[in-house]
Amino acid sequence: MLARAKRCHHDIVYELLTAIRDEQPALKTRVCTASGLPLDRCSKVLALMEGLGLVYREGAGRGSGYYVTEQGYVYIGLYEKIMEVMPAESYKRHRRKVS
């Protein structure tokens, strides 16, 4: 999980994708716990990710597991490339304070 207090939706999607990648098939509760999201919010993001084709769910009911799609692996690669070029710490230091 990322160390920042506030995460943008890209960070959350990345964390969910890597949690699923590391434990395929991944159960929803384990994925949500690994990413530090409450189950209700995690369910909404997972549904969005399914709709975007980043993950798919196989099985029915409690035994269903999530898998990362090819598009999901592309997202992971792009996210990691962006973090190489512009790490989170760099834009924290350069943010202007609003009075």
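Basis of the calculations
- Residues numbered from 1 in each chain as written.
- Predicted model: local features only at pLDDT ≥ 70, side-chain atom pairs only at ≥ 80, totals over all residues.
- Heavy atoms only, no water.
- Phe/Tyr/Trp six-rings, centres within 6.5 Å; stacked < 30°, edge-to-face > 60°.
- Helix = DSSP H or I, 4+ residues; strand = E, 2+ residues; numbered from the N terminus.
- Buried < 20%, exposed > 50% of the residue type's maximum accessible area, 1.4 Å probe, protein only.
- Pairing = 2+ DSSP bridges.
- Disulfide = S-S within 2.5 Å.
- Core = buried A, V, L, I, M, F, W, Y, C linked by side-chain atoms within 4.5 Å.

Asks: Tell me about the packing of aromatic side chains, and please be specific about residues and values.
Replies: A complete count under the given rule lists two aromatic pairs for this structure. An angle of 15° between the planes, with centres 4.2 Å apart, marks the rings of Y14 and Y79 as stacked. Residue Y14 is found in helix α1 (residues 9-22), and its partner Y79 is found in helix α4 (residues 70-85); the two are separated by 65 residues along the sequence. A single burial state applies to Y14 and to Y79, both of which are buried. The interplanar angle of 15° and the centroid separation of 5.1 Å between the aromatic rings of Y56 and Y67 together place this pair among those described as stacked. Here Y56, found in strand β1 (residues 55-58), pairs with Y67, found in strand β2 (residues 65-68); they are 11 residues apart in sequence, far enough to count as distant. Overall, Y56 belongs to the partly exposed group, its relative accessible area being 37%. Residue class for Y67 comes out buried when judged on its relative accessible area of 19%.

Asks: Which residues make up the pairing of β2, and what values do they have?
Replies: Moving residue by residue along a regular strand, the side chains alternate between the two faces of the sheet. On β2, burial covers both faces: G65 and Y67 on one face and Y66 and V68 on the other are all buried. Across four bridges, the pairing between β1 and β2 is antiparallel. Across the sheet, E58 pairs through a bridge with G65, a residue of β2. Remark: six residues form the turn of the hairpin made by β1 and β2, two consecutive strands paired antiparallel; G59 in that turn has positive phi of roughly 100°.

Asks: Residue-level account of the state of the cysteines, with values.
Replies: Inspection of every chain in the model, using the stated rule, returns one disulfide. Between C32 and C42 runs a disulfide, and the two sulfur atoms are separated by 2.2 Å. For the disulfide bridge between C32 and C42, the dihedral angle about the S-S bond is near -90°, and by the sign convention the bridge is left-handed. Highlighted residues: C32 in helix α2 (residues 28-35) and C42 in helix α3 (residues 39-52), separated in sequence by 10 residues. Take C32: its relative accessible area is 3%, and that puts it in the buried class.

Asks: Quick one: what's the story with the nonpolar core, residue by residue and with numbers?
Replies: In this structure, V13, L16, L17, I20, M49 and Y75 are the most contacted members of the largest nonpolar core, which totals 22 residues. Of all the secondary-structure elements, those providing two or more residues to this core are α1, α2, α3, β2 and α4. Considering each element in turn, this core owes the most residues, seven residues, to α1.

On their own, these measurements won't tell you what the molecule is for.
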